[in-house]
Amino acid sequence: MGSVLTVVVPIYNVERYLAECLRSLAGQTYPDLDIVLVDDGSTDGSAEVAQRHVAADPRFRLVRQPNRGLGAARNVGIDFGMGDYLTFVDSDDVLPPYALEVLVGALEQTGSDFASGNVALFTSRGLRQSPLHRGTHRVTRLRSSLATQPNLVYDRLACNKVFRRSFWEQRGLKFPEGVRYEDIPVTVPAYAMAEAVDVIDLPVYYWRQREAGTDQSISQRQGEVRNVVDRFAAVESASRSLAALGETKLKDWYDETALQSDLRMFLDLLPDVDQAYRLRFLDLTGHYLAQVDDRVVDRLAPRLRVAWRLAKERALSELVAVVAASRPGTAPPKVVRRGRGYYVQLPLLDDQHPAAPRRLFLAPEGIRTEVHEVRWADGRLHVRGLAYDVLRGAGNPWGSTRMLWLREAGDRRRFVPLATRTTRIAEAPSSVPYGWAGFSASIDPRRLAGKQGWEPGDWAFNVATLGVDGLRKRALGIGESRPALPASWVADGVRLVPYVQQGRLRLRVERPRNWVTGTRIDGDALVVEGDGLDRAATAVLRLTRVNGVIWRSYPVQLPDEGTSWSARIPLADLVGGSALTDRPVLVGEAGAAWRVAFADGDGEARELPVPTDFAGLRHTVGEVELLARPADDEVLWLRALPPGPMVRAAELTDGVLSLSGELPAGPGAGAGGGRGELRMVLRRREGAGPTELPEPDVILPVEVAGAAWTVRVPLGGEGAPGDGDWLPLYQRDGDAGPIDLPFDVAARRRLPRDVRVGNRRLEVLPDREREVLRLGTVTGRGA
């Protein structure tokens, strides 16, 4: 038995959702759980649902009490808990099967005070990335902290974390009672007090968003006066805690993020609420801003600088006018030139209101960048994206010039320019036009070799724009996108590996010490075979679900002579670790996946590259399909999926995108295996609002001939999907619902990433392990 984890689940009138929540806890791959259910005076059938789980599984215990609120229920659960670790789950939410295993595994390995995982928003239509956690959990960082990653103050949720109980008790942490938004006064000080925190990029928590026609959660009832009162109280409590800890810089940073996010949601409601709400908001704002350094407000974006200053001065009519002109959902305010400066055009800009001097309207300077695609073609590395000056935009192809180059890190600091051209892109609403901000750049990798040949090293991508006001430059950031980052062998024993560091695109030259030569099934095991530069005395293969956190280790068999090696991975481990046999898969779940590393006697683990001609394998075990494939960066990647179609080829002909592949052998073979008719489902990707009405799915027939299948997606005319982002899914008769259609890495590289078909434009965007089809109608000049 390992370390026990106490899971506290407060329950109040959630009969509709509770069984799904508790099933997700019972199905965790981490078995050593102490699950404390605290029924907080429910008046529906919630307690009966909880009691059934207590009777069926000895790890569940039920505590009943009169209604005292979420904070009190959590505190009672903590007191009853017996575990070495502590976590919290709201009773309408769901955990993926691996969640607690990953978080506890990180803490066991690192010794950090707590671990925090990524969060997905959860509706009946599937999962999508939580915007609050997109930046904080973009990559895994073990033993991080607020000092090294200050944006962690955006991570205010308690339920995506596992705490050491010793840390919780030594720091005197406790949830406030009798108020809403209990998480903020606990999580923000916890980050400040922690010596080290493990930040995990894998989604570990599915945060339900109540949909239109259902009872709304507390966080979705922003128009209630009590909500704004309790939110301000929570933010003030966290801010005061940071001040009491002597963390002045962290307090300022937290106050800045609160004004940008936690409190901004109530600011944006002001045009739609009554006068009593508005006056209460002004009272709360004045009290809070009296404790905030004025320089914090000055660091905000212009519309927020102006709005919060007006709120502090109680200039209500002017405040409502500014918010109405600039809140989310309205056209972004224009950037205009006044004298020698650029300003955001908001109400009061030219009125010189005493609470809103013109300096508050100054527009921020700099370059906005995004990377949409990185690929290899014709022996060259290609990068596609956008870059433009945020003040001047890129409204025409001659208004600004973009240049890209690589700069070598270290002593030599070589400079290698990329061949770059300007391209037209689809525009979203913006304060400046940027239709010609696109770029397409490429480089011959041989230019990175030195005079003495290839040497390991790192290179940084940089970009500059040259306009009428001079040169602006910066490192090339990838923005909000998650492009695939394919590696490539460029010479014997040499690979170039694109990667992201602190949101910026970089390139690594490496000489791998070990690599994979093949994979095969031998009885009840997956055998991985490889070679190396030299013979290791001892070695193991390490499988990880997330970077740096070991899931399993397997001994490597080494011959008496030579450098070849092999290792056996039991199929039962992969099938059991997938947790796919006892639950339906949700849209947006990628199945289970592991990266494979070779760790020799020096203890350092290095991921295993695969050769260019690596075929991999596809093997079905019952209701689980196991795959050994190259990941985008050409290292060995093991996946476990429900048996079904996988895209192996993609072709665009006469305005039709054809996707094809082969069905797996065995019981999961779809139409070929007796599972009913197979069809493709295109589902419109949801936006940020949980209550928006979803667009109907587009259903397309799949042609099946033996094990081969093909589906044709029309991009224009009758039956074509409308404008927007569409998720490719598949479904068979009898399935609980559609699930993501996986793409083989070879197919991902052949996809037409950015093409025009008549007046329609198709972009195919990678999003973790899936693809998104973005369709748009081109109008105006350049259509």
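1. What to know about the overall build of the chain
Consideration 1: Across its full length, the chain carries 16 helices and 42 strands.
Consideration 2: Taken over the C-alpha trace, the chain has a radius of gyration of 27 Å; the compact-globule value for 783 residues is 28 Å, and the two agree within 12%.
Consideration 3: Taken along the three principal axes of its C-alpha coordinates, the chain extends 80 × 70 × 60 Å.
Consideration 4: Burial analysis of the chain (783 residues in total) assigns 56% to the buried set.

2. Details of the packing of helix H8 (residues 225–244) against helix H11 (residues 275–289)
Consideration 1: Put simply, H8 and H11 touch, their axes get as near as 10 Å, and they point 5 degrees apart. When the axis of H8 is compared with that of H11, the two are roughly parallel. For the pair H8 and H11, the contacting residues are Val 225, Val 228, Val 229, Phe 232, Val 235, Glu 236 and Ser 239 in the first and Tyr 277, Arg 280, Phe 281, Leu 284, Thr 285, His 287 and Tyr 288 in the second.
Consideration 2: Classifying every residue of the contact of H8 with H11 by side-chain character gives nine nonpolar, three polar and two charged.

3. Quick notes on the side chain of Asn 160
Consideration 1: Here Asn 160 is to be found in the loop between strand S7 (141–144) and strand S8 (161–164).
Consideration 2: Look at Asn 160 and you get buried, because its relative accessible area is 0%.
Consideration 3: Polar side-chain contacts of Asn 160 include one of 3.1 Å to the side chain of Asp 155.
Consideration 4: Ignoring anything within four residues of it in the chain, the contact list for Asn 160 reads Leu 103, Ala 115, Ser 116, Gly 117, Val 119, His 133, His 137, Asp 155, Val 204 and Tyr 205.

4. Quick look at the sheet that holds strand S13 (residues 380–389)
Consideration 1: With respect to topology, four strands assemble into an open sheet ordered S12-S13-S17-S16, the strand pairing being antiparallel. Edge positions in the sheet fall to strand S12 (367–377) and strand S16 (419–423), since each has one partner strand and no second. Strand-to-strand, the axes of this sheet are offset by a mean angle of 20 degrees, without reference to chain direction.
Consideration 2: By the bridge criterion, 10 bridges tie S12 to S13 in an arrangement that is antiparallel. Bridge assignment links Ile 367 to a residue of S13, and that residue is Asp 389.

5. Examining the nonpolar core
Looking at soluble globular proteins, one finds that nonpolar side chains tend to be buried together.
Consideration 1: Counting residues in hydrophobic clusters, the biggest one holds 129 residues, and the most contacted among them are Phe 281 and Trp 308.
Consideration 2: Setting aside residues no more than four positions away along its own chain, Trp 308 makes contact with Leu 259, Leu 263, Arg 264, Leu 267, Phe 281, Thr 285, Leu 289, Val 297 and Leu 300.
Consideration 3: Residues Leu 526, Leu 663, Trp 726 and Leu 773 belong to the second largest nonpolar core, which totals 59 residues.

6. With respect to the packing of helix H7 (residues 184–193) against H8
Consideration 1: Viewed as axis vectors pointing N to C, H7 and H8 meet at an angle of 20 degrees, and their least axial separation amounts to 8 Å. The angle between H7 and H8 falls in the class roughly parallel. For H7 against H8, the interelement crossing comes out right-handed. Residue-level inspection shows Ile 184, Pro 185, Val 188, Pro 189 and Ala 192 of H7 in contact with H8, the latter providing Arg 231, Ala 234, Val 235, Ser 237, Ala 238, Ser 241 and Leu 242.
Consideration 2: Taken together, the residues that form the contact of H7 with H8 break down as nine nonpolar, two polar and one charged.

7. Focus on helix H9 (residues 248–260)
Consideration 1: The terminal C-alpha atoms of H9, which comprises 13 residues, lie 18 Å apart, in line with the 18 Å expected from a rise of 1.5 Å per residue.
Consideration 2: Those residues of H9 not exposed but buried are Leu 250, Lys 251, Asp 252, Tyr 254, Asp 255, Glu 256, Thr 257, Ala 258 and Leu 259.
Consideration 3: Taken together, the buried residues of H9 touch H7, H8, helix H10 (264–267), H11, helix H12 (294–298) and helix H13 (302–312).

8. Description of the packing of aromatic side chains
Consideration 1: Per the counting criterion, the structure on display carries 17 aromatic pairs.
Consideration 2: With centroids separated by 6.5 Å and ring planes inclined at 85 degrees, the aromatic side chains of Tyr 154 and Trp 253 adopt a geometry described as edge-to-face. Taken as a pair, Tyr 154 in the loop between S7 and S8 and Trp 253 in helix H9 lie far apart in primary sequence, 99 residues in all.
Consideration 3: A relative accessible area of 25% means that Trp 253 is categorised as partly exposed.

9. Here we look at the side chain of Arg 138
Consideration 1: Of note, Arg 138 is situated in the loop between helix H5 (131–134) and S7.
Consideration 2: This buried residue, Arg 138, is left without a salt bridge; Glu 480 holds the nearest opposite charge, at 4.1 Å.
Consideration 3: Polar side-chain contacts of Arg 138 include one of 2.9 Å to the backbone oxygen of Gly 479.
Consideration 4: Once you skip the residues sitting within four places of it in the chain, Arg 138 turns out to touch His 133, Asp 201, Ile 478, Gly 479, Glu 480, Ser 481 and Arg 482.

10. A look at the pairing of S13
Consideration 1: Across the 10 residues of S13, nine count as buried, placing the element largely inside the fold.
Consideration 2: Counted along the chain from S12 to the antiparallel partner S13, the turn is two residues long, and its residue Asp 378 has a positive phi close to 55 degrees.
Consideration 3: The pairing of S13 with strand S17 (residues 438–443) spans six bridges and is antiparallel. Note that in S17 the partner of Leu 386 across the bridge is Gly 438.

11. Digging into the pattern of salt bridges
Consideration 1: All chains considered together, the criterion is met by 65 salt bridges.
Consideration 2: Note that Asp 600 and Arg 513 form a salt bridge whose closest N and O atoms lie 2.8 Å from each other. Residue Asp 600 is located in strand S28 (residues 592–600), and its partner Arg 513 is located in the loop between strand S22 (504–510) and strand S23 (514–522); the two are separated by 87 residues in the primary sequence.
Consideration 3: Take Asp 600: its relative accessible area is 11%, and that puts it in the buried class.
Consideration 4: Residue class for Arg 513 comes out partly exposed when judged on its relative accessible area of 27%.

Definitions and cut-offs
Residues numbered from 1 in each chain as written. Predicted model: local features only at pLDDT ≥ 70, side-chain atom pairs only at ≥ 80, totals over all residues. Heavy atoms only, no water. Helix = DSSP H or I, 4+ residues; strand = E, 2+ residues; numbered from the N terminus. Rg over C-alpha atoms; globule rule 2.2 N^0.38 Å. Buried < 20%, exposed > 50% of the residue type's maximum accessible area, 1.4 Å probe, protein only. Axes fitted to C-alpha atoms, helices over the stretch in contact; angles between N-to-C directions. Parallel < 35°, antiparallel > 145°, perpendicular 65-115°, else oblique. Contact = heavy atoms within 4.5 Å. Nonpolar A, V, L, I, M, F, W, Y, C, P; charged D, E, K, R; others polar. Polar contact = N/O pair within 3.5 Å; in protein donor to acceptor, adjacent residues only side chain to side chain. Pairing = 2+ DSSP bridges. Core = buried A, V, L, I, M, F, W, Y, C linked by side-chain atoms within 4.5 Å. Left-handed = near helix turned anticlockwise from the far one by under 90°. Expected span 1.5 Å × (residues − 1). Phe/Tyr/Trp six-rings, centres within 6.5 Å; stacked < 30°, edge-to-face > 60°. Lys, Arg positive; Asp, Glu negative; His and termini not counted. Salt bridge = Lys/Arg side-chain N within 4 Å of Asp/Glu carboxyl O.

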